[in-house]
Each structure stands twice: as structure tokens, then as C-alpha cells.
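Inside the fold
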Amino acid sequence: MGLWIPRPGFKSRPRPTYTPTYTPTYVPNRFTMTENNIPTIATVCSHTSLQIFDGARKEGFETLGICLGKPPKFYDAFPRAKPDEFFPVDSYQEIVEKTPELIEKNVIIIPHGSFVEYLGASDFARLEIPSFGNKAVLEWESDRAKEREWLTSAGVPVPVEFSLPDEIDRPVIVKYHGAKGGRGFFIAKNKEEFEAQIETGQEYVIQEFVLGSRYYLHFFYSPLRTDGYRVGDGTLELLGIDRRIESNIDELYKIGASSGIDPSFVVTGNLPMVLRESLLPKVFDLGARVVERSIELFGGMIGPFCLETICIDTLEFKVFEISARIVAGTNLFISGSPYSDLIEPDLSTGKRIAQEIKLAIDMGRLGDVVS
Ligand code: AMP
């Protein structure tokens, strides 16, 4: 059932030694789940829950779908992805209040984008229900300045930022703090256009508008597996690549730049992508740098993460965002992607998460992948 077993004669490479520059405040809990006490995989019914439930079931886990209000009817249309049990709540806050009940049900929560956004990063960080991944990442991911510090100190190229409008010397994208879902951004080609559009009283960043091809790289970092592309004490996998379809920016060319219509960046769907094969070493280098630095900064990112990149015409990548959990672009690959197929057939990110939990239980290391 997908359990990874080292090849006969396999020897792991010597572990690199890290000299942390920051003392992690987070110490992983030791949970008492064992082979005889198999957890139930739970998540909120939205975003990537269909593949999370499908993947968990394929790996032999029971599943629990936390839903707001009545169980969503559309799950009846997808029987393989319907959770074994629904757990209705009236609000995301009620999930926190029902912590004892969920712990009693022996669940491991799989956080996804909607879950963390709607519950709130700080409430999620405080949630006492065992959750897949390292919650310490939230401190670094949910603050734009800290996220940038993480990426730049990892040696990852990022878009140039300007502290003052006077410095604008090329097209820029302006992002208001707290802007979500591609709303609250605007483009300006110079200082005059910036001043004509800026709303006072809001915090923002002015970022170089990087013109190139967008690739959303879906990685998985396992601190447990030692057979594969080695990073830290574990391995890094590339499970797929997508590109978000964004309304209306993606279609703006049809009406022409002179139309006067303001661009928006609202994600409405996803397209599968593959990269020129010669770019794969660069992609793995980016992923490895981000993971290695995360180990130094806060004890390491675990499981799925996405680097949102733009590849420019000199074939260099600029990383403009990182998501430290399963993202919706992986929904394309429920039966595998051109990359995950070369690891194992039929491997979705949801299934890969379930495999990691199973492997951790088998190795007695659940506390290393759950926080
Ligand atoms: P984000 O909310 O950071 O994921 O950004 C939403 C969208 O804005 C992205 O998917 C890109 O289409 C666009 N975007 C963000 N940052 C940049 C950038 N520095 N250069 C060009 N486009 C960007």
C-alpha cells in the first residue's frame, strides 16, 4: 500500500550538519498514535479536500470532513472522495471550541489554504488538534517581510522591491497588506501611475512586475524518506507544476492595453504545466534552498509546499510567493502528474500526505511530521 522500503544495500548519505542561526521556539509534540491506534484523516470540506480524502482512503485511513453547516451535497457526486463521516460546525471558530471532541476522534488535521485563511493563521497555530506539518512555519509565511527574509537568506531570487515611489524605475505591482485572492493589487509603469492609483491609509509593498512565464511548483519535503533527492535529513519530491488562471489579467490582451480596464488577479482555475527538462536542476535547487533554510530558521517545513515563480527569458526564476501547505493547483493531479508518475503511478499530493503519515506511524516518528 505504498509504504516505502529502502532498496537492498541502500546506504543513506552522511547527514549534513546545520548550524542554526535562530533558535527554534517550536518543539514537536510526541503523539501517542501507534500502529494499533490508527488516526482518522480530517480536513475542512473545501479547497483540496476531495483529493485529501481520496488519497487517505487509498492509503487505508478513515476520513472525517469538517463542514460549515450541512454536509455539502456535491460530495455525493464524488463517492471516492466523500469522507466516511461529516463533522458539521457553524463556524471555523467552533472547530477550536470542539478541539476535545476532535482529539477524542483521534484525528490528524490536514491544513489547506482555505482552512488556514478562514480560521486565521494565529488560531491555527494555537490549535491543539494534531495537524500535519510544522505549525512554526506560519510565523514565517504569514508575514510578507519575514517570508522575504526566509527566501532571500536562502539565496532564492525574488522580485526587486522599492521602498519609495520615487525609486520606481520599471513596471511594478503594488500589493496591499492583507490583500487576498488576487484582489487588492494594481500595476503601475511609473511613479505618476502609482500616485494616481494608490489608496491612502493602507500598507502596501511595491514590487517589480516580473514579465515572464508563471510556474507554480508543487514540492513535497519528507523528513523521513532517505531514498531520493536528498535535502537535509530527508528527501525532496516534485509532485507537479501548474499555472493559475487569473481573471481578468489573463485575457486582458484580447481587449488591448488601451481599454482602460483595471487588471485583477482572481484565481478561477488551474492549468497543468511541464517545464523544459533542462530547467529541472534549477527547480530542485530552489526547493532545496527553501527547505534547508526552513530547517535552520524554524525546525523545517514538512510535507507539501508551493513556490510561485516567474521564469524570465534568461531562463532564471524569480519566486514571488511561498505556500507552506497543499495548494489548489495540485487538484489537477489526483491521478498523478508527469512528475509524480515517475515516482509512483496514481500519486496525488493528498495520497502522498497519507503515505507520509503512515510511514511516520510505522517508524514510530509521528511527532516528526505532526504538530
Ligand atoms: P499572489 O497573491 O502573490 O499569489 O499574486 C497573485 C498574482 O499576481 C500572481 O499569480 C501573479 O499573476 C501576479 N503577481 C504577483 N507578484 C508578481 C510580480 N512580482 N510580478 C508579476 N506578477 C506578479
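Residues numbered from 1 in each chain as written. Predicted model: local features only at pLDDT ≥ 70, side-chain atom pairs only at ≥ 80, totals over all residues.

Details of the overall build of the chain
When helices and strands are counted, the chain shows 10 helices and 14 strands. For the chain, the residues scored as buried account for 37% of the 371 residues in total. (Helix = DSSP H or I, 4+ residues; strand = E, 2+ residues; numbered from the N terminus. Buried ≥ 20, exposed ≤ 12 C-beta atoms within 10 Å, placed from the backbone.)

With respect to the sheet that holds strand β6 (residues 172-176)
Read from one edge of the open sheet, 4 strands run β5-β8-β6-β7, paired in antiparallel fashion. Each edge of the open sheet carries a strand with a single partner, namely β5 (161-162) and β7 (185-188). Pairing of β5 with strand β8 (residues 204-208), which is carried by 2 bridges, proceeds in the antiparallel orientation. Following the sheet pairing, F162 is matched in β8 by I206. (Pairing = 2+ DSSP bridges.)

A short note on unusual backbone geometry
Residue S247 is joined to N248 through a cis peptide bond whose omega torsion reads 5°. Along the chain, the position of N248 falls in strand β11 (residues 234-248). Despite not being glycine, D346 has its phi angle at roughly 65°, a positive value. Topologically, D346 is positioned in the loop between β14 (317-323) and α10 (349-363).

Examining the pairing of β6
Pairing of β6 with β8 involves 5 bridges; the strand directions are antiparallel. Pairing of Y176 across the sheet is with Y204, part of β8.

Details of the site of the ligand
The environment of the ligand is formed by 16 residues, the closest being P159, V210, F265, F320 and E321. If you list the elements that add at least two residues to the shell around the ligand, you get β8, β11, β13 (303-311) and β14. A per-class count over the shell around the ligand returns 8 nonpolar, 2 polar and 6 charged. When residues are assigned to domains, the shell around the ligand turns out to be shared by domain 1 (40-155 + 212-368) and domain 2 (161-208), each giving three or more. (Near = placed C-beta within 6 Å. Nonpolar A, V, L, I, M, F, W, Y, C, P; charged D, E, K, R; others polar. Domains from an automatic or database assignment.)

Section: the packing of helix α1 (residues 49-58) against α10
Close contact between α1 and α10 brings their axes to 7 Å; oriented N to C, the two are set at 45°. Between α1 and α10, the crossing angle belongs to the class labelled oblique. You can see that α1 and α10 cross each other, and the crossing is right-handed. Counted together, Q51, I52, D54, G55, A56 and K58 of α1 and T349, G350, K351, I353 and A354 of α10 form the full contact between these two elements. Looking at the contact of α1 with α10 residue by residue, the classes come out as 4 nonpolar, 4 polar and 3 charged. (Axes fitted to C-alpha atoms, helices over the stretch in contact; angles between N-to-C directions. Parallel < 35°, antiparallel > 145°, perpendicular 65-115°, else oblique. Left-handed = near helix turned anticlockwise from the far one by under 90°. Contact = placed C-beta atoms within 7 Å.)

Focus on the confidence of the model for the chain
The share of residues in the chain with pLDDT of 70 or more is 89%, and the mean pLDDT across the chain is 89. When the criterion is pLDDT under 50, residues 1-32 qualifies, and its contacts beyond four places in sequence or with other chains add up to 40 contacts. (pLDDT = per-residue confidence, 0-100.)

With respect to the sheet that holds strand β3 (residues 85-89)
The strand order β3-β2-β1-β4 describes an open sheet built from 4 strands, whose pairing is parallel. Lying at the two open borders of the sheet, with one neighbouring strand each, are β3 and β4 (107-109). Each strand axis lies, on average, 30° off the axis of its neighbour in the sheet, ignoring direction. Sheet analysis places strand β1 (residues 40-44) next to strand β2 (residues 63-68), joined by 4 bridges and oriented parallel. From the neighbouring strand, A42 faces β2, where its bridge partner is L64.

Focus on helix α9 (residues 280-298)
The terminal C-alpha atoms of α9 lie 27 Å apart, and with 19 residues this matches the ideal 27 Å at 1.5 Å per residue to within 8%. Once α9 ends, the next one or two residues include G299, with phi positive near 90°. (Expected span 1.5 Å × (residues − 1).)

Quick look at the environment of G350
Tracing the chain through its elements places G350 in helix α10. Non-local contacts of G350, meaning those with residues more than four positions away in its chain, are made with T48, Q51, I52, D54, G55 and A56.

Notes on the environment of F284
Looking at the secondary structure, you find F284 in helix α9. Aside from chain neighbours lying at most four places away, what touches F284 is Y229 and L236.

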